[in-house]
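Spelled out from the first residue to the last, the chains are:
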Amino acid sequence: MSAPHLTPVETQMPDLEGLLMAQKKACAADPMPDRATRIRRLDKLHNAILDNRARIVAACNKDFSNRAGAETELAEIMPVLDGIAYYRKRLRKLMKPQRRHAPLTVMPARVEVRYQPVGVVGIVVPWNFPFFLGLSPLVGALAAGNRVMIKTSEFAPASGALMKEIMAGIYAENEVTVVTGGVEVATEFTKLPFDHLVFTGSTQVGKIVMKAASDNLTPVTLELGGKSPAIIHDNFPLDEAASRIGFGKGFNAGQICVSPDYVLCPRDKVNAFATEFSDAMKKAYPSLRENPDYTAIITERQKTRLEGYLEDAAEKGAEIITINPKGESFDGTRKMPLTVVLGADDSMLLMQEEIFGPILPVVPYDTMEDAIAYVNERPRPLALYYFDWDKGRADDVLARTHSGGACVNDTVTHVGVDDIPFGGIGPSGMGHYHGEEGFRTFSKAKGVVRKGKFNATALVAPPWGNFMYKQLMMLQKFRFRRRKIK
Ligand code: NAD
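Not measured: the values here are computed from a predicted model.

Caption draft 1: Seen up close, the overall build of the protein. From N to C terminus, the protein includes 17 helices and 16 strands. Expressed along its principal axes, the backbone C-alpha trace of the protein runs to roughly 90 × 60 × 35 Å. Looking at the 486 residues of the protein, the share that counts as buried comes to 52%. Only carbon and sulfur atoms are counted for the fraction: they give 56% of the accessible area of the protein, which is about 22,400 Å². Across the protein, the mean location of the 61 positive side-chain charges is 15 Å away from that of the 56 negative side-chain charges.

Caption draft 2: Local environment of the site of the ligand. Around the ligand lies a shell of 28 residues, among which Val125, Glu154, Ser202, Leu224 and Glu354 are the nearest. In this structure, valine 125 approaches the ligand through a main-chain N or O atom, which is 2.7 Å from an oxygen atom. The side chain of lysine 151 places a nitrogen or oxygen atom 3.0 Å from an oxygen atom of the ligand. A total of 850 Å² of accessible area belongs to the ligand in isolation, and the protein chains cover 91% of it. Elements supplying a minimum of two residues to the shell around the ligand: helix H8 (183-190), strand E6 (196-200) and helix H9 (203-214). Here the shell around the ligand takes four residues from H8, the largest share from any one element. Composition of the shell around the ligand by domain shows at least three residues from each of domain 1 (16-224 + 433-444) and domain 2 (228-423).

Caption draft 3: Seen up close, the pattern of salt bridges. Tallied over the full model, the rule gives 24 salt bridges. One salt bridge connects glutamate 175 with arginine 41, and the closest N-O pair in it is separated by 2.9 Å. Separated by 134 residues along the polypeptide, glutamate 175 in the loop between helix H7 (157-170) and strand E5 (176-179) and arginine 41 in helix H3 (residues 35-51) bring together distant segments of the chain. Comparing glutamate 175 with arginine 41 shows no difference in burial state: the two are buried. We note a salt bridge from lysine 191 to glutamate 188, for which the minimum N-O separation is 3.4 Å. Under the relative-accessibility criterion, lysine 191 is labelled partly exposed at 44%. The exposure class assigned to glutamate 188 is partly exposed, which follows from its relative accessible area of 34%. Residues joined in a network through salt bridges with shared partners are Arg110, Glu112 and Arg114.

Caption draft 4: Quick look at unusual backbone geometry. In this chain, methionine 107 is followed by proline 108 through a cis amide linkage whose omega measures -10°. With respect to the helices and strands, proline 108 occurs in the loop between strand E1 (98-100) and strand E2 (110-117). Proline 463 follows proline 462 through a cis peptide bond whose omega is 5°. Here proline 463 lies in the loop between strand E16 (443-450) and helix H17 (467-480). Its identity as a non-glycine residue notwithstanding, asparagine 409 has a phi of 65°, on the positive side. Mapped onto the fold, asparagine 409 is located in the loop between strand E14 (405-408) and strand E15 (429-430).

Caption draft 5: Structural detail: helix H10 (residues 238-250). Along its 13 residues, H10 runs 17 Å from first to last C-alpha, staying within 8% of the 18 Å computed at 1.5 Å per residue. Restricting attention to buried positions, one finds in H10 the residues Leu238, Ala241, Ala242, Ile245, Gly246, Gly248, Lys249 and Gly250. Trailing H10 by a residue or two, asparagine 252 shows a phi angle of about 55°, which is positive.

Caption draft 6: Seen up close, the packing of aromatic side chains. All chains considered together, the criterion is met by twelve aromatic pairs. Judged by centre distance (4.5 Å) and plane angle (45°), the rings of phenylalanine 236 and tryptophan 389 are tilted. Of the two residues, phenylalanine 236 is situated in the loop between strand E8 (228-232) and H10 and tryptophan 389 in the loop between strand E13 (383-387) and helix H15 (391-400); the sequence distance between them amounts to 153 residues. Ring centres of tyrosine 285 and tyrosine 294 lie 5.0 Å apart, and the angle between their planes is 65°; on these two criteria the pair is classed as edge-to-face. Pair check on accessibility: tyrosine 285 and tyrosine 294 agree, each one buried. Three or more aromatic residues joined by ring pairs form one cluster here, namely Phe64, Trp127 and Phe356. Directly above the ring of tyrosine 374 sits arginine 378, whose terminal nitrogen or CZ lies 3.5 Å from the centroid. For arginine 440, the ring lying beneath its charged end belongs to tyrosine 115, and the centroid distance is 3.8 Å.

Caption draft 7: Broad picture of the sheet that holds strand E3 (residues 120-124). Pairing within the open sheet is mixed, and its six strands lie in the order E5-E4-E3-E6-E7-E15. On the outer flanks of this sheet lie E5 and E15, each paired with one strand and no other. Relative to strand E7 (residues 220-223), E6 runs parallel, the two being bridged by four bridges. Pairing of leucine 197 across the sheet is with valine 220, part of E7. With respect to the sheet, H7 is in contact with strand E4 (147-151) and E5, its orientation differing from that of E5 by roughly 155°.

Caption draft 8: Quick look at the nonpolar core. Counting residues in hydrophobic clusters, the biggest one holds 116 residues, and the most contacted among them are Leu45 and Phe273. If you tally residues by element for this core, the top one is helix H5 (residues 69-95), at ten residues. Structurally, this core is a two-domain feature, drawing no fewer than three residues from each of domain 1 (16-224 + 433-444) and domain 2 (228-423). When sequence neighbours within four positions are dropped, the list of residues in contact with leucine 45 reads Val80, Ile84, Leu135, Leu138, Val139, Met167, Ile170 and Tyr171.

Caption draft 9: The environment of glutamine 12, seen in detail. Its location among the elements puts glutamine 12 in the loop between helix H1 (8-11) and helix H2 (16-29). The class for glutamine 12 is exposed, based on a relative accessible area of 53%. Residues glutamine 12 and threonine 180, spaced 168 residues apart in sequence, show a C-alpha to C-alpha distance of 9.7 Å.

Caption draft 10: The pairing of strand E12 (residues 359-365), seen in detail. With six of its seven residues buried, E12 lies for the most part within the structure. Where strand E9 (residues 260-266) lies against E12, four bridges are found, and the strand directions are parallel. Bridge pairing in E12 links proline 266 to tyrosine 365.

Caption draft 11: Main features of a nonpolar patch on the surface. Taken together, the side chains of Phe454, Leu459, Phe467 and Met468 define a hydrophobic patch exposed on the protein surface, amounting to about 420 Å² of accessible area. For methionine 468, the location among the structural elements is in helix H17. Residue methionine 468 is classed as partly exposed on the basis of its relative accessible area, which comes to 34%.

Conventions adopted
Residues numbered from 1 in each chain as written. Predicted model: local features only at pLDDT ≥ 70, side-chain atom pairs only at ≥ 80, totals over all residues. Heavy atoms only, no water. Helix = DSSP H or I, 4+ residues; strand = E, 2+ residues; numbered from the N terminus. Buried < 20%, exposed > 50% of the residue type's maximum accessible area, 1.4 Å probe, protein only. Areas by Shrake-Rupley, 256 points an atom, 1.4 Å probe, with all protein chains shown as cover. Lys, Arg positive; Asp, Glu negative; His and termini not counted. Charge placed at Lys NZ, Arg CZ, Asp CG, Glu CD. Near = heavy atom within 4 Å. Polar contact = N/O pair within 3.5 Å; in protein donor to acceptor, adjacent residues only side chain to side chain. Domains from an automatic or database assignment. Salt bridge = Lys/Arg side-chain N within 4 Å of Asp/Glu carboxyl O. Expected span 1.5 Å × (residues − 1). Phe/Tyr/Trp six-rings, centres within 6.5 Å; stacked < 30°, edge-to-face > 60°. Lys NZ or Arg CZ within 6 Å of the ring centre and 35° of its normal. Pairing = 2+ DSSP bridges. Contact = heavy atoms within 4.5 Å. Axes fitted to C-alpha atoms, helices over the stretch in contact; angles between N-to-C directions. Core = buried A, V, L, I, M, F, W, Y, C linked by side-chain atoms within 4.5 Å. Patch = residues over 30% accessible without salt bridge, like charges linked within 9 Å, V, L, I, M, F, W, Y side chains within 5 Å.

By themselves, these figures tell us nothing about what the structure is for.
This is the structure we're talking about:
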């Protein structure tokens, strides 16, 4: 593994408790920031991203040794700006208390839900989208009126350092602060008594983080990984499926939590799909080694892990189809060609673990029932992709499978849609952010009953058996007399 270059400052443990206490104190002084304050905070981020656009692209490029500039624009910059615009536009409505129904026993009263900032939100970021996965939850947390501490990934040190510099330039330390460092810092960070903790990373570390948070009863949003399937219906054109799946697999060289992990393909079309996929990828990436459009693997250790999956699969009898249009060598680089694997089975590592790289096993199925059963017998994935022009059949698959999110006839793009929640289920995560759900995640929904001068409760108070209490009971009996549920 190429060790991240830590500066002396980064090797020191930051004063995490001090930072948290300062933020908590600031929250106490301004527990319910008004809309203008929240918008001001979002605007600062918007402007800083525009000012640092080229530096963000350069930092990602440095961390990956080669990261396609367009991928950084599309996946790190644009969705954050969109997220800011989304909340700017809807903040008034989202912040507004919601009027709710008052039951007979409470009337007359005004009943409402108020959305209050939870306080300080901790955000732990992985390396694969080192800006988006820190800034996107940050936007939701700031919109909801919170203060935020971010821990960046040690495997994307240039991005982490830039994020720290940008945030320090626009926010006070008690508003938003960024800490960098390795597992030791991450471990201490996740033990802090945050008011909410968002962790994005592997399922394995997610379990450790949830245990640490449980000591403080800190609520967690866990954005984890898993094996996201792509199911191709027999009637769907294979060239279309290949290019749409290829977009999600080639982007960031498959290092995306929602990258299509494997394909379920009608048995008699597996070879044809492999050919279509290879053709589509050769068109998208006519060369690889020096092609800036094709992103490299983040570390040597990750590349070795992926190569190990291929060796293991080959040893156990799988067919490995390497898509290397120019027959280039990748020695001395962290690039790795896209590879299709046929004949993969559950004995192979690449069918047991999340792939998280440019490898695509194609698994044959005989009937759609078999394909659905295959998905349902395995841990619930973060995403599911279904390819079929028939809306009724697609709805049926969506209803009969569980996944964090889904696309019909597409891959990965649901993550960039602000107005829908993003999050996993079971081993792929819990909780949501983005959109209204994100605002609610970072808010305490406080139920409030407000009574006026007339206090009806006093009329039914003890001593029990009083006139009003008896009237109330009669009324209840009358209301529900025909309503026994059979
Ligand atoms: P990781 O779990 O190794 O690390 C993620 C973060 O956790 C890093 O900041 C790291 O410093 C920290 N960390 C590591 N060990 C820790 C510990 N013991 N206690 C507390 N924190 C610790 O994940 P990664 O390799 O950076 O990212 C890849 C994984 O993330 C994949 O599984 C991928 O699917 C998942 N992911 C999920 C999403 C999503 O939105 N659901 C997005 C991107 C990546």
